[in-house]
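Next come the chains, spelled out residue by residue.
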Number of protein chains: 2
Amino acid sequence: MPLAVVLVSPRNPLNIGAAARALSNFGFSDLRLVQPYEVAFREAVSAVGGAAVLQNAKVFDTLAGALADCSVVVGTTSVGNRELQQPIHTIEASAPLIRGHVATGRAALLFGSEKFGLSNDDLSFCHHLLRIPTVPETPSMNLGQSVAVCLYELIRDPSAIASPPVRRAVSGADAEQLTTMLLELLDASGYTNRIVAVSTTRKIRRFFRRIRLEQRDARLVLGILRQLLWKLRS
Amino acid sequence: MPLAVVLVSPRNPLNIGAAARALSNFGFSDLRLVQPYEVAFREAVSAVGGAAVLQNAKVFDTLAGALADCSVVVGTTSVGNRELQQPIHTIEASAPLIRGHVATGRAALLFGSEKFGLSNDDLSFCHHLLRIPTVPETPSMNLGQSVAVCLYELIRDPSAIASPPVRRAVSGADAEQLTTMLLELLDASGYTNRIVAVSTTRKIRRFFRRIRLEQRDARLVLGILRQLLWKLRS
């Protein structure tokens, strides 16, 4: 996906490193930094993890320079009291717009500095803004984490569904064998009251249908029952 | 959502803090740590951000203890060469399962240590596993970032769509006024070749329909055109 992640004035080398690692984890490679705190950038580059992305990161003096080849610019914000001039979407709603745009040109995703976020000047470069649906009490996310969440949303597969696990359920015969053996065991142990034996039988039969054991579990339980029965009778 | 985030043997105070912050950002509060590295935990508690979640975090000696009140346990893995015994789903597919389960009981989301992930012993407590769809070349995520991505997926709103921005598009009359004024200006500036004047008119007219200006932009452009025209004629 032709998407540039642009960090404006990042201050913390750990955050720069974490952002680079998120790009790397989700298959992105175009990291750009605008006026990073020099020491932080040098420290980040020398750290491990996401190393290739960081080595290839481009540094710019101005945001305009960083965005020169991007036809769509999306700013991230936790929304403050600022009067926002651009349309703002949740990240869930923004992602399809970004995926749509990158079919025709390069997009940029902008993240502000850890302390101040994006300035109004930075925001004026944006076509729209996105916000991660954090709770109002703690809206502001860690930089590295918000980069990870945004990139994840861009690559997540909306059609993914959990295929039910392949279960080789026990046959009726197996279930009945389990029922019989457990009843034998209960009988041998003195658990079964002769007067209510029929209702106990039904109860145990229903139990072995309800729990829907897999074949391998049935084998395990049968082995245990056999052993207990042998022990009780010997 | 009755969901516990369980960190097994976390080593890095920054990661513990980042995990707590992610819980806080997405409205969760139940953080549990199993045998955290003592120094790391103390350091994390004394750091800022996600403070309330960390102050209330519970520490356990065993994973079984941490999971005692959880009826569903989901382990996170980047999948290695391990032979996994549990069904594994991508996080997109796992989230609906977890949301379904928490309607009836408490769920636990398990994260392994930064270095080793979850052990086979830890995994044996899990009902299913989830993996974040990272690329095969860099599958392993930073702990704080993977907690953030998982919690985001749990609270994201699948029905969120970008409502088109409210645009008060210019009327036909306004578009025509813009067309006329720009043509006057082009004429006054000598841009318009008399021979092709008609085709220029059509070109400008189509231009002002194509760009679909909003009313406020139209006012801005009209003001500029008026000023330029005045300047050229004075």
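Per chain, residues are indexed from 1 in the order of the written sequence. Chain A is the first chain written and ligand 1 is the first ligand written, with later ones labelled in order. With the structure being a predicted model, the display of local features is reserved for residues of pLDDT at least 70 and the display and counting of side-chain atom pairs for 80 or more, all residues being used for whole-chain, interface and lining totals. Where side-chain values are given, they derive from all heavy atoms of the structure, hydrogens and water being excluded.

### Some points on a nonpolar patch on the surface
All names here are of chain A.
- On the surface, Leu220, Ile224 and Leu228 cluster together into a nonpolar patch covering about 280 Å² of accessible area.
- Only DSSP runs of H or I covering at least 4 residues are called helices, and only runs of E covering at least 2 are called strands; the numbering of each starts at the N terminus. Its place among the elements puts isoleucine 224 in helix α10 (residues 215–233).
- On the basis of relative accessible area, isoleucine 224 is assigned to the partly exposed category, the value being 44%. Within this analysis, patches are made of residues with over 30% relative accessible area and no salt bridge. Like charges are joined at 9 Å or less; nonpolar side chains (Val, Leu, Ile, Met, Phe, Trp, Tyr) at 5 Å or less. Accessibility throughout is a Shrake-Rupley quantity obtained with a 1.4 Å probe, and a residue counts as covered only by protein chains that appear here. Here a salt bridge means any side-chain nitrogen of Lys or Arg lying within 4 Å of a carboxyl oxygen belonging to Asp or Glu. Using a 1.4 Å probe on the protein chains alone, a residue whose accessible area is under 20% of its type maximum counts as buried, one over 50% counts as exposed, and one in between counts as partly exposed.

### Some thoughts on the interface of chain B and chain A
- Any two residues having at least one pair of non-hydrogen atoms within 4.5 Å are treated as being in contact. Taken residue by residue, the interface counts 41 residues in chain B and 41 residues in chain A.
- One can count two salt bridges joining chain B with chain A.
- Across the salt bridge formed by glutamate 153 of chain B and arginine 156 of chain A, the nearest N and O atoms sit 2.8 Å from each other.
- N or O atoms within 3.5 Å of each other form a polar contact, as long as, within protein, one can give a hydrogen and the other can take it, and as long as residues adjacent in sequence are counted only when both atoms are side-chain atoms. Summed over the shared surface of chain B and chain A, the number is 22 residue pairs in polar contact (both at pLDDT 80 or more).

### Brief notes about the domain arrangement of chain A
- Domain borders in the structure are assigned automatically or taken from a domain database. Along its sequence, chain A is organised into domain 1 (3–155) and domain 2 (172–233).
- Centre-to-centre, using C-alpha coordinates, domain 1 of chain A lies 61 Å away from domain 2 of chain A.

### Points about α10 of chain A
Residue and element names in this part refer to chain A.
- The length a helix should cover is 1.5 Å for every residue beyond the first. Across its 19 residues, α10 extends 27 Å between first and last C-alpha, which sits within 8% of the 27 Å expected from 1.5 Å per residue.
- By the burial criterion, the buried members of α10 are Ala218, Leu222, Leu225 and Leu229. Down the axis of α10, the buried side of the element spans an arc of 65°, and every buried residue falls inside it. Away from its buried face by more than 90 degrees, α10 exposes Arg219, Leu220, Trp230 and Lys231. It is the directions from the helix axis to the C-beta atoms whose arc is reported.

### Notes on the sheet that holds strand β2 (residues 30–34) of chain A
Residue and element names in this part refer to chain A.
- Strands pair, by our definition, only if DSSP identifies at least two bridges between them. The strand order across the open sheet built from seven strands is β3-β2-β1-β6-β4-β7-β5, with neighbouring strands paired in parallel fashion. Edge positions in the sheet fall to β3 (58–60) and β5 (88–90), since each of these pairs with one other strand and no more. The sheet shows a mean angle of 30° between the axes of neighbouring strands, taken without regard to direction.
- Summarising the sheet, strand β1 (residues 3–8) and β2 pair through five bridges and their orientation is parallel. Of the residues in β2, the one forming a bridge with valine 6 is arginine 32.
- In the packing of helix α5 (residues 91–101) onto the sheet, contacts are made with β1, β4 (72–76), β5, β6 (107–111) and β7 (128–131), and the angle to β5 comes to roughly 105°. Interaxial angles span 0 to 180 degrees and are taken between N-to-C directions of axes, which are lines fitted to C-alpha atoms, for helices over the stretch in contact.

### Some thoughts on unusual backbone geometry
Residues and elements named next belong to chain A.
- With phi around 40°, glutamine 35 is a residue other than glycine that occupies positive phi space.
- Looking at the element boundaries, glutamine 35 is found in the loop between β2 and α2 (38–46).
- The exposure class of glutamine 35 is partly exposed, given its relative accessible area of 46%.

### Here's the deal with the sheet that holds strand β7 (residues 128–131) of chain B
Residue and element names in this part refer to chain B.
- Here seven strands make up an open sheet; going across it, the order is β3-β2-β1-β6-β4-β7-β5 and the pairing parallel. The sheet is open, and its two edges are formed by β3 (58–60) and β5 (88–90), each paired on a single side. The average undirected angle you get between the axes of adjacent strands in this sheet is 30°.
- By the bridge criterion, four bridges tie strand β4 (residues 72–76) to strand β6 (residues 107–111) in an arrangement that is parallel. Each bridged residue has a counterpart across the sheet, and for valine 72 the counterpart in β6 is alanine 107.
- Across the sheet, helix α1 (residues 13–25) lies against β1 (3–8) and β2 (30–34), angled at about 155° from β2, the strand it touches most.
- In this fold helix α7 (residues 143–155) packs onto β1, β4, β6 and β7, with an angle of close to 150° to the strand it touches most, β6.

### Considering the side chain of threonine 76 of chain A
Residue and element names in this part refer to chain A.
- Within the secondary structure layout, threonine 76 lies in strand β4.
- Threonine 76 sits in the buried class, given a relative accessible area of 14%.
- At 2.7 Å, the side chain of threonine 76 and the backbone oxygen of leucine 110 are in polar contact.
- Those residues in contact with threonine 76 that sit more than four places away from it in its chain are Leu109, Leu110, Phe111, Gly112, Leu118, Leu130 and Cys150.

### Considerations on the pairing of β6 of chain A
All names here are of chain A.
- The element β6 is largely enclosed, with a buried count of five among its five residues.
- Burial of β6 is two-sided: the residues Ala107, Leu109 and Phe111 facing one way and the residues Ala108 and Leu110 facing the other way are all buried.
- Of the strand pairs in this sheet, β1 and β6 are connected by five bridges, and their pairing is parallel. Residue leucine 7 lies in a different strand from β6, and its bridge partner there is phenylalanine 111.

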